[in-house]
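Summary of structural features
What follows is the residue order along each chain.
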Amino acid sequence: QTLEIPMYFTVAWEDDRLEVDHTHTAWKKSTTGPVNESTEDAETLKLFWKPNLEIYGLQEFKKHNILNEMAGLRISRSKRITFDIKVTIVVSCQMDFNDYPFDEHTCFFQVGSYFYDKNSVTCTSEFHDPRSKSNIQERSLQHSVKFRKLRRSRGVVRLQSGEYAACGFEVLLR
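As the structure is a computational prediction, the values presented were derived from the model and not from experiment.

1. Let's talk about the confidence of the model for the protein chain
Mean pLDDT over the protein chain stands at 85; residues scoring 70 or higher make up 92%. Averaged pLDDT values over the elements of the protein chain bottom out at 86 in strand S2 (residues 37-40) and peak at 95 in strand S4 (residues 58-63).

In structure tokens:
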């Protein structure tokens, strides 16, 4: 079975190798975004080092487009690179329907490095539960969908090649 999750997927990292001119006028006022950040075309990402990421159990990664990819790139004065993209992600999720119609499932969305182990890369995540906004109208479902922080025991993915840091969230289906 699979779970399809529409989301804004954001990845941020710091790159100390960036050369930043702290006296440049672009940092003094918000011309293309927040103060101390520069908003760039998402295509600019090709010019930077990027962490190698894996979404564990990934089945499909669908990018949303209108005229171009719905994506953005921000570079901060403190050398932090943030990439956002509107996607629909499909991940595998083991489900057991033996207790139908009273079945419950927990699906995991976990992201980590596909190359560097937990001793080389750390991972933190932040998510915003779409149901936390009271003004959102949802269609009536025959089941409940809840989001929560990834439990601590899921913060490490153990594979034959080693142990890898993971971050993400859980989706509870009831």
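So much for the structure itself; the text now carries on.
2. Some thoughts on the pattern of salt bridges
Under the criterion given, the structure shown has 11 salt bridges. Across the pair lysine 62 and glutamate 4 runs a salt bridge, and its minimum N-O distance is 3.5 Å. Taken together, the residues span a long stretch of sequence, with lysine 62 in strand S4 and glutamate 4 in strand S1 (residues 2-14) at a distance of 58 residues. Residue lysine 62 is classed as partly exposed on the basis of its relative accessible area, which comes to 30%.

3. Topic: the environment of threonine 32
Structurally, the position occupied by threonine 32 is in the loop between S1 and S2. As a C-alpha pair, threonine 32 and tyrosine 164 span 132 residues in sequence and 36 Å in three-dimensional space.

4. Some words on the state of the cysteines
What the rule picks out here adds up to 2 disulfides. Residue cysteine 93 pairs covalently with cysteine 107 via a disulfide, S to S 1.9 Å. Across the S-S bond of cysteine 93 and cysteine 107 the torsion is about -80°, and the bridge reads as left-handed. Placement of the pair is cysteine 93 in the loop between strand S6 (80-92) and strand S7 (105-113) and cysteine 107 in strand S7, with a sequence separation of 14 residues. You can call cysteine 93 buried: its relative accessible area is 5%. Between the sulfur atoms of cysteine 123 and its disulfide partner cysteine 167 the distance amounts to 1.9 Å. With cysteine 123 in the loop between S7 and strand S8 (145-149) and cysteine 167 in strand S10 (residues 162-173), this pair connects stretches of sequence that are 44 residues apart.

5. Section: a nonpolar patch on the surface
A contiguous nonpolar patch, built from Tyr114, Phe115 and Tyr116 and spanning about 360 Å² of accessible area, is present on the exposed surface. Checked against the element boundaries, phenylalanine 115 lands in the loop between S7 and S8. Judged by its relative accessible area of 55%, phenylalanine 115 falls in the exposed class.

About the thresholds
Residues numbered from 1 in each chain as written. Predicted model: local features only at pLDDT ≥ 70, side-chain atom pairs only at ≥ 80, totals over all residues. Heavy atoms only, no water. pLDDT = per-residue confidence, 0-100. Helix = DSSP H or I, 4+ residues; strand = E, 2+ residues; numbered from the N terminus. Salt bridge = Lys/Arg side-chain N within 4 Å of Asp/Glu carboxyl O. Buried < 20%, exposed > 50% of the residue type's maximum accessible area, 1.4 Å probe, protein only. Disulfide = S-S within 2.5 Å. Patch = residues over 30% accessible without salt bridge, like charges linked within 9 Å, V, L, I, M, F, W, Y side chains within 5 Å. Areas by Shrake-Rupley, 256 points an atom, 1.4 Å probe, with all protein chains shown as cover.

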